[in-house]
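# Structure assessment
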Amino acid sequence: MTHRTRAVAWAALGLLALAGTLLPRWLVFLLALALAKGLAVLSVAVLMGAGLVSFGQGLFFAAAAYAAGFAMRGWALREALLLLPLGAGVAVVLGAVVGLLVARYRDIFFAMLTLALSMVLYGVLIKAYAVTGGSDGIRIPAPTVLGLQLSGDDARLLVYYLALASTAACAWAVSRYGASGFGYLAQAVRDNEVRVAYLGASPNRTVYATYLLSAALCGLGGVLTALNVGHVDPGLSYWTTSGELVFVAVLGGTGSVLGPLAGAVVYELIRSYAFKYAPYAWQMMLGAAMLLIILFIPGGLWSPVQRLWRRQAA
Amino acid sequence: MRTPILEVEDLTLHFGSIAAAERVTVLVYPGERVGIVGPNGAGKTTFLNLITGYLRPERGAVRFWGQEVVGLQPHQVTALGVGRSFQIPQLFLTLTVRENVLVALAIRERRGWTSFWKPLHEASRVQVADEVLLQFGLLGQADRPAGELPEGGRKLLDVAMAFALRPRLLLMDEPTSGVSAQEKFRVMDTLVAALQEAGVTSLFVEHDMEVVRRYATRVLVLHNGRILADGVPGEVLDDPEIRLAVTGRR
Amino acid sequence: MSTLLVIGVDGLVFASWLFLVSVGLSLIYGVLRILNVAHGSLFAVGAYAGASLVVAYTQGGLWPPGTFLMLLAAALASGLLLGPAMERGVLWWTYGREPVLQLLVTFSVFLILEDATKLVWGVSPYYAYQPYQLLGQVRVGGVDYPAYSFLLLAVAAASGGGLWWLIRRTRFGRVVVAVIHDPEMSVALGVNLSRVYVATFALGAVLAALGGAFTAPMISVVPGIGVEVIVLAFAVVVVGGLGSLEGAAVGALLIGLVRAAAVHLLPVLELFTIYLVMAAVLLVRPMGLFGRVEARRI
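Scope of this entry: the structure provided in the associated data block. Only a predicted model underlies this, so the values are computations on that prediction, with no experimental measurement involved. (Residues numbered from 1 in each chain as written. Chains lettered and ligands numbered in written order. Predicted model: local features only at pLDDT ≥ 70, side-chain atom pairs only at ≥ 80, totals over all residues. Heavy atoms only, no water.)

Turning our attention to helix H13 (residues 282-296) of chain A. For H13 of chain A, which comprises 15 residues, the first-to-last C-alpha distance of 21 Å matches the rise-based estimate of 21 Å (1.5 Å per residue) to within 8%. Among the residues of H13 of chain A, Trp282, Gln283, Leu286, Gly287, Met290, Leu291, Ile293, Ile294 and Leu295 of chain A are the ones counted as buried. (Helix = DSSP H or I, 4+ residues; strand = E, 2+ residues; numbered from the N terminus. Expected span 1.5 Å × (residues − 1). Buried < 20%, exposed > 50% of the residue type's maximum accessible area, 1.4 Å probe, protein only.)

Shown next as C-alpha cells:
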C-alpha cells in the first residue's frame, strides 16, 4: 500500500467511525450492509488477482450465513465474535472440499462450475425445508458482542462497528497478502501458469490456496450480512447475488483493496435508490453499466484515480 | 565411474505418424555443457518437454540423479533441481523485470506455506535479484513491466529466472536467439562462467553453431526424433554428413 | 423389465430436451470460443415469444395444429433478431480480448435480457398448453406418456440431424469445421471469418430459442427459467466436451438416463444427478467426454 492509499484508508475509517454516531440509522444500516458486501466483493477481487472469475461466491456467502443462523438457533450461540470465525471456518471447509474439483480449472470452466455449485446449494436450501426453512429462510436474533447484549437500534449500531472493524482488519490482511510472495504468486499464475510450474510451484495448489482465502473473506461477509439483516434466506446463494458481487468488483476495480470496498459502498447507495424507482429494470441497468465499464474502463472506476496518482508520484 | 545427472532411456513419442522422439537414449554427466542441434522439427524442444514432464512419453525412462521422473508434473521435476528457459520467452508480463526474478527467488526459498506470507520485495531478496539482473544486463530495466522488454531482453530475463533458481541442471531452449550479436557472447561468457563456478550442468538447444562450438563440451545432433550423433563439437560439427542433415549443406 | 423400459423412455425424453437446450451453446463455443451465458435468456425469450404467439393464435380460433408453427416461428424470429444483434452489437467489440472479459460481457447481456423480458412480457406466468394438450397421450410399454414428449424427441433429433447434415454435407459446414480447427489458417485461405461468426451465432441463438419455444407448452413461463437452463446446458456441454456436437448428444443421453434412473430408484438424488455426473466425468476426463486437448504452448 502506498502512503497515499494508506492515508485515504485511515481517513475513510475515521469518517465511517464518526458516521456511525452522526448519520441517520437507516443510512448506518445501509453502510453496514455495504461493508459486509464489500468483504464478499473483496473475495471476488482476490480471485481475479489470480486470473479467475468466480460466479459462485454466493456459495460461501450463504453457507457461512446459515451456519451462523444454525449456531444461534440450535446452540444458542449469540456471541458475534465467535460467530464470525465460525462462519468463516465453515466457508473455508466448504471451499477446501469444493476447491479440490474447482481449482483444476480456469477461465469459463471455473466460472461456470462455481456458478453451478452455488445453485446446487440454493436448491438444497430451498428443498430442505425442515432444516433450512425453505424459501422463507431463518430469522436471526440480535447477537451479543463481547457479551454485551443490546437491542433494537443499539444492537444494529454495534453490528455496524463490528462490520467496520472486520472490514478494516480484512483490508489490512488483504493488502499484506497482495504484497506477499503468495499474492505475487497468484498474479504470476494469472500471467503465465506454465512459467510458474517451471519455477517449481504448483499452479493448481496456488489457485486452491487463493480460493480458500476468498472463501474465508466471503464467509465473513455472509455472517455480517446475516447479523445485520436479522434473517438468512436461500437468495444469498442465488446466481444474482454472486453476479452482483462480480459486477461490483468490476465496477470498483480489482487491482487494489480500496477499490472493491469503495465500489461496494457506492453500489449499495445507488442500488437502494434505483431499486425503489425501477425494480424491474435494475438488472438491466446493472448489465448495461457493467458492459460499458468492461468495454471502456476495464480497470474499473478506481483505476483512473490510481493511474493519476501513479503519474503524479513519478 | 561418475553417476549421470540425467539418464534418458529409450524415450519415444509420436504425434500421429511423426516421430518426435524415437528410442532416444542419452546420459549426461555433471559439469557437462551439452549443445542440442538439429533442423527444425527434429524434436529438440519436444525432448526438453518430455524430460521435464510437460509431455508424457509413450515409452522410455527418464531419471534425474537416479530418480525416475516420468509421470511427474513439471513443477515437481523443477523442484528436484532442474531449471528451464523457453524458445518463446515465458515471462510474467504484467510484473516488473525485478518482480519476475523475485517470484523465482521466492519459490526457490520456500519452506512450507508460511514463508510465502513474507513480502515479495524483502530487502535481502531484492539484493539477490538485482545481482542476477546485473549479471544479465537487465538491472537498468528492473522497474519496467516485463511486457515492455524487447525480444532480446525477454530472452535474457527468461534465462535469468531459470538461473535464479540455482538449479543443478539448467535446460535452455535457444538462449541466444533474438539476442544481438555483441550481447550473445558477452551473456554466454557470463552465464557459462557462473554455471561453471556453481557446478551447474547444462543442456542447451541452439541454432547458432558458433555458440555451440565455443561453449558446448559435447553436442547431440537430433534428426526426426533420433540421435544422429553424440560427441565433441569439433568432430561432430565438422562431419559433412552431419552438416548436410542439420543445415542442408555440406 | 418394465422399470427398465420406463427409465429408458424417461431418460430418452429428458435427454432429448437437454440436447435441444444445450446444443446451441456448444456450437457457439466450438466456433467462436465464447461461452454465451446469455444462452439462457435466449431460451427464455424463445419461451415467452412462443407462449405469447400460441396464446394469440389460439384466441384467433385458427387451425389448432398451427400452434406448432407458431412455436417454430417464435424461435426463428427470436434467434434471428437477437443473435446477430448480440454478436455484432456487443460481442464483436470483445474479440481478441481476454476470455474472462468476454465471459463478463455475455453475463452482462444476460442481465440485460432478463430484465428486458420482464419489461416486455411482465412477471405473471404465461401458459401456452395448447400444443401439449393437442397431442394427447400415448401408451408405451403399458405406461401413458404425453405424446408431446415424443414430439420433443423428434424436434431434438431433427435439430441434431440437421446440424450433422449442415456440418458434414454443406460447404458452410466445411468452412465452420475449418474455423473450429484453425481460425488463422481459415482466414489465410480466404474465409470471411466475420460472416461465419454471425451466421454461427444466429444459428446457436435460434437453437436456444427453439428449445425455449418448445419447452413453453410444458411449463408455466416465468422469469428465471433462463438461469436454470444455462446451468443445465453448461453441465451437459461440459460433460460432452465444450464445442463437440456429438459430445452434447452423448452428454445429454448420459445425464438423461442417470437422472431417470435416480427418479425411479433413488428419488432423493434427483436434484443432484446432473451435477454428480458432471463432477464424476470431470474428475476422470477434465476436458469432457469428447473434448479436445488444447495444443501445446511451449
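Moving on, we get to the pattern of salt bridges. For side chains bearing opposite charge, pairing can occur when the charged atoms are close. All names here are of chain B. In this structure the tally under the stated criterion is 28 salt bridges over all chains. We note a salt bridge from Arg59 to Asp10, for which the minimum N-O separation is 3.5 Å. Taken as a pair, Arg59 in strand S4 (residues 59-64) and Asp10 in strand S1 (residues 6-15) lie far apart in primary sequence, 49 residues in all. In this structure, Glu109 and Arg125 form a salt bridge, with 3.2 Å as the shortest nitrogen-oxygen distance. In this pair, Glu109 sits in helix H3 (residues 97-109) while Arg125 sits in helix H4 (residues 123-135), placing the two residues 16 residues apart along the sequence. Judged by relative accessible area, which is 3%, Arg125 ranks as buried. (Salt bridge = Lys/Arg side-chain N within 4 Å of Asp/Glu carboxyl O.)

Right, let's talk about the pairing of strand S7 (residues 169-173) of chain B for a bit. Residue and element names in this part refer to chain B. For S7, the tally of buried residues reaches 5 of 5 residues, placing the bulk of the element in the interior. Alternating residues of S7 divide into Leu169, Leu171 and Asp173 and Leu170 and Met172, and every residue in both groups is buried. Bridging between strand S6 (residues 82-85) and S7 involves 4 bridges; their strand directions are parallel. What sits directly across from Ser85, in S7, is Met172. Note that S7 and strand S8 (residues 201-205) share 5 bridges and pair parallel. What sits directly across from Leu170, in S8, is Ser202. Between S7 and its parallel partner S8, the chain crosses via helix H6 (residues 181-198), and the hand of that crossover is right-handed. (Pairing = 2+ DSSP bridges. Right-handed = clockwise from strand over helix to strand, strands pointing away.)

A few words now on the side chain of Lys155 of chain B. Residue and element names in this part refer to chain B. Along the chain, Lys155 turns up in helix H5 (residues 151-164). One buried charged residue, Lys155, forms no salt bridge at all, with the nearest opposite charge on Glu174 at 5.2 Å. Here Ser177 takes part through its side chain, which lies 2.7 Å from a polar atom of the side chain of Lys155. Setting aside residues up to four positions removed in sequence, Lys155 forms contacts with Phe86, Gln87, Pro89, Asp173, Glu174, Pro175, Ser177 and Val179. (Lys, Arg positive; Asp, Glu negative; His and termini not counted. Polar contact = N/O pair within 3.5 Å; in protein donor to acceptor, adjacent residues only side chain to side chain. Contact = heavy atoms within 4.5 Å.)

Okay, unusual backbone geometry next. One non-glycine residue, Ala76 of chain A, lies in positive phi territory at about 55°. Here Ala76 of chain A is to be found in the loop between helix H3 (58-74) and helix H4 (80-102). Even without being glycine, Glu174 of chain B reaches a positive phi, approximately 55°. With respect to the helices and strands, the residue Glu174 of chain B is situated in the loop between S7 and H6.

It is worth spelling out the sheet that holds S1 of chain B at this point. Either a parallel or an antiparallel arrangement is found when strands of a sheet pair, and the pairing is made through backbone hydrogen bonds. Residues and elements named next belong to chain B. Taken in spatial order, the 4 strands of this open sheet run S2-S1-S4-S5, and their pairing is antiparallel. The strands lining the two open edges of the sheet, one partner per strand, are strand S2 (18-28) and strand S5 (67-68). With 2 bridges connecting them, S4 and S5 associate as antiparallel partners. Note on S5: the bridge partner recorded for Arg63 is Glu68. Against the sheet, helix H1 (residues 44-51) touches S1, S2 and S4, its axis set at about 115° to S1. (Axes fitted to C-alpha atoms, helices over the stretch in contact; angles between N-to-C directions.)

Looking now at the interface of chain B and chain A. Accessible area lost on assembly of the parts is the figure often given for the size of an interface. Facing 32 residues of chain B, the contacting portion of chain A comprises 25 residues. Each partner contributes to the roughly 2500 Å² buried at the junction of chain B and chain A, and carbon and sulfur atoms together form 67% of this total. Where chain B meets chain A, there are 1 salt bridge. Two residues, Arg195 of chain A and Asp158 of chain B, come together in a salt bridge whose shortest N-O distance is 2.6 Å. (Buried area = accessible area lost by both parts, 1.4 Å probe.)

So, on to the interface of chain C and chain A. At the junction of the two partners, chain C supplies 42 residues and chain A supplies 41 residues. Here chain C and chain A share an interface that buries about 3800 Å² over both sides, 82% of which is from carbon and sulfur atoms. Of all residues in chain C, the largest losses of buried area upon contact with chain A belong to Leu104, Phe107 and Leu111 of chain C, amounting jointly to 15% of the total for that side. There are 2 residue pairs in polar contact (both at pLDDT 80 or more) connecting chain C and chain A. Listed by contribution, the elements that provide at least two residues to the side of chain C that touches chain A are helix H4 (99-121), helix H10 (225-240) and helix H12 (273-284) of chain C. For the side of chain C that touches chain A, the leading source of residues is H4 of chain C, giving 17 residues. A per-class count over the side of chain C that touches chain A returns 34 nonpolar, 3 polar and 5 charged. (Nonpolar A, V, L, I, M, F, W, Y, C, P; charged D, E, K, R; others polar.)

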